[in-house]
Amino acid sequence: QSEFDKQGHRGCRGLMPENTIPAMVHALGMGVTTLEMDISFSKDKKPLLSHEPFFNHEITTKPDGGFIDEKEEKKYNLYTMSYDSIIKYDVGMKPHPRFPQQQKVKAVKPLLADVFDAIRNDMMTRRRPFPFYNIETKTTPATDNIYHPAPAEFVELLMKVIKEKEMEDYVIIQSFDFRTLQYLHQHYPHIKTAMLIEADNKSSFRKQLTDLGFNPTIYSPDFSLVTADLVAKCHALNIKVIPWTVNDKNKIKELKNLWQ
């Protein structure tokens, strides 16, 4: 419990285009120990980095140079597009309305396999230990087989890449959707898991663990839910606590003090 894990949210979203290779590489240069990212799928069943399963209007430039309107963004469903067509869209050059310090660089939604390769090469150049990868499975029951594969297929396709790139010891799979974590625990119990909890989740900690069906490696609640009592309960069960997403320095210090 003595090591403090510094995670780069979607790489380093405030400074570089989210969920892109430039963001991941830049985050490592800032000393993060874990790269946080989100997984969606292309029509040809390739896992790629994207927070939404479609092209978000805030970050996307179309191949013709135009922008996507918010009303139509969900029509650009990644799960209905081949990866060859997905990489024709830029997600790094459009100025982000909520992150004015974000650098503008040409970037595409990368394959997870390419992220692993790029980071491995970068770490060998820096002669640094490999980071961990906190990978979120973006699934919901309502959008199974519409925006993404159903949980079993999702996990199997994800694990295929993780195993091929020999990253099993370096990944943590996180999700709000317990179904993917449950499948992972049943079929790949050696893989670290993180249980994501929304701020409005009113269930007790014990009830949440009962619903999940096993003790995860990490309990990952919205930072507003974290108390000294919660930390103590998790540590008593040998569960790490990694809250999300804390952007205020004073709040970071306050939360770190709960670990003392």
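Everything that follows concerns the structure shown earlier in this document.
First, a word on scope: everything that follows refers to the structure included in this document. (Residues numbered from 1 in each chain as written. Predicted model: local features only at pLDDT ≥ 70, side-chain atom pairs only at ≥ 80, totals over all residues. Heavy atoms only, no water.)

1. Side note on the overall build of the protein chain
Move 1: A tally of helices and strands in the protein chain yields 8 helices and 8 strands.
Move 2: Against the compact-globule benchmark of 18 Å for 260 residues, the protein chain has a radius of gyration of 18 Å, which places it among compact chains.
Move 3: With the principal axes as the frame, the protein chain shows a C-alpha extent of 55 × 40 × 35 Å.
Move 4: Buried positions account for 48% of the 260 residues belonging to the protein chain.
Move 5: Of the contacts made within the protein chain by residues no fewer than 6 positions apart, 61% connect residues no fewer than 24 positions apart.
Move 6: Total accessible area on the protein chain stands at roughly 12,900 Å², and carbon and sulfur atoms take up 52% of it.
Move 7: Looking at charge distribution, the protein chain has the averaged site of its 35 positive side-chain charges lying 3 Å from that of its 34 negative ones. (Helix = DSSP H or I, 4+ residues; strand = E, 2+ residues; numbered from the N terminus. Rg over C-alpha atoms; globule rule 2.2 N^0.38 Å. Buried < 20%, exposed > 50% of the residue type's maximum accessible area, 1.4 Å probe, protein only. Contact = heavy atoms within 4.5 Å. Areas by Shrake-Rupley, 256 points an atom, 1.4 Å probe, with all protein chains shown as cover. Lys, Arg positive; Asp, Glu negative; His and termini not counted. Charge placed at Lys NZ, Arg CZ, Asp CG, Glu CD.)

2. Thoughts on unusual backbone geometry
Move 1: Even without being a glycine, N19 presents a positive backbone phi close to 55 degrees.
Move 2: The residue N19 is located in the loop between β1 (7-8) and α1 (21-29) in this model.
Move 3: Its relative accessible area of 2% is what places N19 among the buried residues.
Move 4: One non-glycine residue, K45, lies in positive phi territory at about 65 degrees.
Move 5: Tracing the sequence through the fold places K45 in the loop between β2 (34-41) and β3 (47-49).

3. Remarks on the pairing of strand β4 (residues 132-137)
Move 1: Of all 6 residues making up β4, 5 are buried, and the element is well covered by its neighbours.
Move 2: Alignment of β2 against β4, held across 6 bridges, turns out to be parallel. If you follow T34 over to β4, its bridge partner there is F132.
Move 3: With 4 bridges connecting them, β4 and strand β5 (residues 171-175) associate as parallel partners. Residue pairing in the sheet places Y133 in a bridge with V171 of β5.
Move 4: Read as a crossover between parallel neighbours, the route from β4 over helix α4 (residues 151-164) to β5 is right-handed. (Pairing = 2+ DSSP bridges. Right-handed = clockwise from strand over helix to strand, strands pointing away.)

4. Describing the packing of helix α3 (residues 112-126) against α4
Move 1: Taken N-terminus to C-terminus, the directions of α3 and α4 make an angle of 25 degrees; their axes are 10 Å apart at the nearest point. The orientation of α3 relative to α4 falls into the category roughly parallel. Two packed elements cross with a definite hand, and for α3 against α4 that hand is right-handed. Listed contacts from α4 to L112, A113 and F116 of α3 are L158, V161 and I162.
Move 2: For the contact of α3 with α4, a count of residues per class yields 6 nonpolar, no polar and no charged. (Axes fitted to C-alpha atoms, helices over the stretch in contact; angles between N-to-C directions. Parallel < 35°, antiparallel > 145°, perpendicular 65-115°, else oblique. Left-handed = near helix turned anticlockwise from the far one by under 90°. Nonpolar A, V, L, I, M, F, W, Y, C, P; charged D, E, K, R; others polar.)

5. Focus on the packing of aromatic side chains
In this description, a pair of aromatic rings is defined by centroid distance and the angle of the planes.
Move 1: A full pass over the atoms with the stated rule returns 9 aromatic pairs.
Move 2: Taken together, a centroid distance of 4.8 Å and an interplanar angle of 90 degrees make the contact between F116 and Y133 edge-to-face. Here F116 is found in helix α3, whereas its partner Y133 is found in strand β4, with 17 residues between them in sequence.
Move 3: For F116, a relative accessible area of 0% gives the class buried.
Move 4: Following the ring pairs from residue to residue traces out a cluster consisting of F55, Y76 and Y89.
Move 5: The side chain of K94 reaches across the aromatic face of F67, ending 4.5 Å from its centre. (Phe/Tyr/Trp six-rings, centres within 6.5 Å; stacked < 30°, edge-to-face > 60°. Lys NZ or Arg CZ within 6 Å of the ring centre and 35° of its normal.)

6. Regarding the pattern of salt bridges
Move 1: In the structure shown here, the tally under the stated rule is 16 salt bridges.
Move 2: Measuring nitrogen to oxygen at the nearest pair gives 2.8 Å for the salt bridge that ties R179 to D177.
Move 3: Accessibility expressed as a relative area gives 25% for R179, which makes it partly exposed.
Move 4: A relative accessible area of 8% means that D177 is categorised as buried.
Move 5: Overlapping salt bridges, with partners in common, bring together R10, R13 and E18 in one network. (Salt bridge = Lys/Arg side-chain N within 4 Å of Asp/Glu carboxyl O.)

7. Details of the environment of H9
Move 1: Secondary-structure assignment places H9 in the loop between β1 and α1.
Move 2: Take H9: its relative accessible area is 26%, and that puts it in the partly exposed class.
Move 3: If we ignore the near neighbours within four places in the chain, the residues touching H9 are E36 and T245.

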